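Descriptive structure summary
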Amino acid sequence: MRPVSDSWASIVAGSYKAAVEAHLYSPDGEFVSELPLVSGTVNLDGTAAVRGSCDLELQGTEWVPVDVTDRLAPYGSEINVLKGHAVGDGELVSLGWFGIEDLEVTDDGAGLGVRVTGMDRFRRFQYALIEDDITFAADVPFMEIILALAQGAWADVPVAEGFLSVSNISVGKPLFALAGEETGERMQDLALNAGVAVFFNGDGELDAVPYSVGEPVAEISEGDGGVLVQASRTWSRANTFNKVIATGEDSGAADVARGEAVDDDPQSPTYYFGPFGHAPRFYSHPDIGSDVQAEHVAQTILEKEAGTASSVNFGLVPNPALEPFDSVLIRRERAGINAVHVVDSLSIGLGAGEVMTGSTRERLVV
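Nothing here was measured: the structure is a model prediction, and the numbers come from that model.

Helix and strand counts for the protein stand at 5 helices and 20 strands. Compactness check: the protein gives a C-alpha radius of gyration of 22 Å against a globular reference of 21 Å for 366 residues, within 12% of the reference. Summarising its shape, the C-alpha atoms of the protein cover approximately 70 × 55 × 40 Å along the three principal directions. Within the protein, the fraction of its 366 residues that count as buried is 48%. Within the protein, contacts between residues separated by at least 24 positions form 69% of all contacts whose residues are at least 6 apart in sequence. Entry remark: accessible area of the protein is about 17,000 Å², with carbon and sulfur atoms responsible for 49%. Within the protein, one finds 22 positive and 56 negative side-chain charges whose respective centroids are separated by 7 Å.

Over its 12 residues, helix α3 (residues 142-153) extends 17 Å from the first C-alpha to the last, a length consistent with the 16 Å expected when each residue adds 1.5 Å. For α3, the set of buried residues is Phe142, Met143, Ile145, Ile146, Leu147, Leu149 and Ala150.

The next thing to look at is the side chain of Arg121. Along the chain, Arg121 turns up in the loop between β7 (112-120) and α2 (123-127). The residues contacting Arg121, other than those within four sequence positions of it, are Glu78, Trp97, Trp154, Pro158, Phe200 and Gly204.

The subject of this paragraph is the environment of His85. Here His85 shows up in strand β5 (residues 78-85). With relative accessibility at 4%, the residue His85 sits in the buried group. Engagement of the side chain of His85 in a polar contact is seen with the backbone nitrogen of Val87, the distance being 3.1 Å.

Moving on, we get to the environment of Tyr75. By the element assignment, Tyr75 lies in the loop between β4 (52-58) and β5. Tyr75 gets classed as exposed once you look at its relative accessible area, which sits at 56%. Through-space distance from the C-alpha of Tyr75 to that of Asp263 is 48 Å; in sequence the pair is 188 residues apart. Excluding residues that lie within four positions of it along the chain, Tyr75 makes contacts with Pro27 and Val68.

At their nearest, the axes of α3 and helix α4 (residues 183-194) sit 9 Å apart, and the two run at 165 degrees to each other. Considering their axes alone, α3 and α4 lie roughly antiparallel with respect to each other. Note that α3 runs across α4; the crossing there is left-handed. Across the interface between the two elements, Phe142, Met143, Ile145, Ile146, Leu149, Ala150 and Ala153 from α3 touch Thr183, Arg186, Met187, Leu190, Ala191, Asn193 and Ala194 from α4.

Rules of the game
- Residues numbered from 1 in each chain as written.
- Predicted model: local features only at pLDDT ≥ 70, side-chain atom pairs only at ≥ 80, totals over all residues.
- Heavy atoms only, no water.
- Helix = DSSP H or I, 4+ residues; strand = E, 2+ residues; numbered from the N terminus.
- Rg over C-alpha atoms; globule rule 2.2 N^0.38 Å.
- Buried < 20%, exposed > 50% of the residue type's maximum accessible area, 1.4 Å probe, protein only.
- Contact = heavy atoms within 4.5 Å.
- Areas by Shrake-Rupley, 256 points an atom, 1.4 Å probe, with all protein chains shown as cover.
- Lys, Arg positive; Asp, Glu negative; His and termini not counted.
- Charge placed at Lys NZ, Arg CZ, Asp CG, Glu CD.
- Expected span 1.5 Å × (residues − 1).
- Polar contact = N/O pair within 3.5 Å; in protein donor to acceptor, adjacent residues only side chain to side chain.
- Axes fitted to C-alpha atoms, helices over the stretch in contact; angles between N-to-C directions.
- Parallel < 35°, antiparallel > 145°, perpendicular 65-115°, else oblique.
- Left-handed = near helix turned anticlockwise from the far one by under 90°.

As far as function goes, none of this settles anything; it's purely spatial.
Structural data, given as structure tokens:
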């Protein structure tokens, strides 16, 4: 959850006047102007490589682009979108920094419309292919390699405090990044094998968090003081697994590294030794170099993806401080929902009176 004041929760739990701002920055990082928003949406998806995106509609003919030097041209300009409340002195949280990806101008005869779509800063790493083979010495922690790759693509990349200390796992053998590989994809592979999620946070900093479920940061419920507007629940056995088997891919090794993680909670409906039955998932990667690391990766995947058998789609009074990976307590008596869920994705409307929607999965594996 984004850092907010002590009064935030009580304010956004009721009817409040929303505040939204979108600030345009030039490719060299200089503030240009606040953008005149008509409407828009910020989407945050914890399951995607590029976690954040925005879709904004602007008003004013002065924002219609003229040539490639225009301030909205998609060549390095960024938009910082913020949303919060206007109660008292007001409070805003940053939803992300988005590089302009596409720009569309429409003219229906009655007026001009300018639509801007943007992707968060991880998009830079998708464009940045590794230009030369790189070898990293044995025992260099994954987090150091991830940061080195990021800085190779963007020398001045902003980095969140404590980034390197999130995980100290190393593979114990040389690792490689090959010419032509996508920098972002290689970073994500390393992150999974380190047991963390790597992304750009709302402040535009490269960040990392472990895949673990914490205590609920908010309650989403109906009734007096509640924020839940609508909810739907889906139950499905499809793609649900209760065991992960992770292995290395080193064909030259006498014994390939192997590790397992299993849902061994008798109270879980997907209990491996219960009536649900055996439903393993296999994962293999050359970066896995030991049994201990393989076990860690298996447990990470179980933490990251288990629990999809019960999911909830919801609409609520906007709380823009919520983020993917947050645990929330959802209560909707008529729909039979009363459980802790992990937020997978959020869609935050920027217009007046718009609800915030999202999807979650219930923690069925402890």
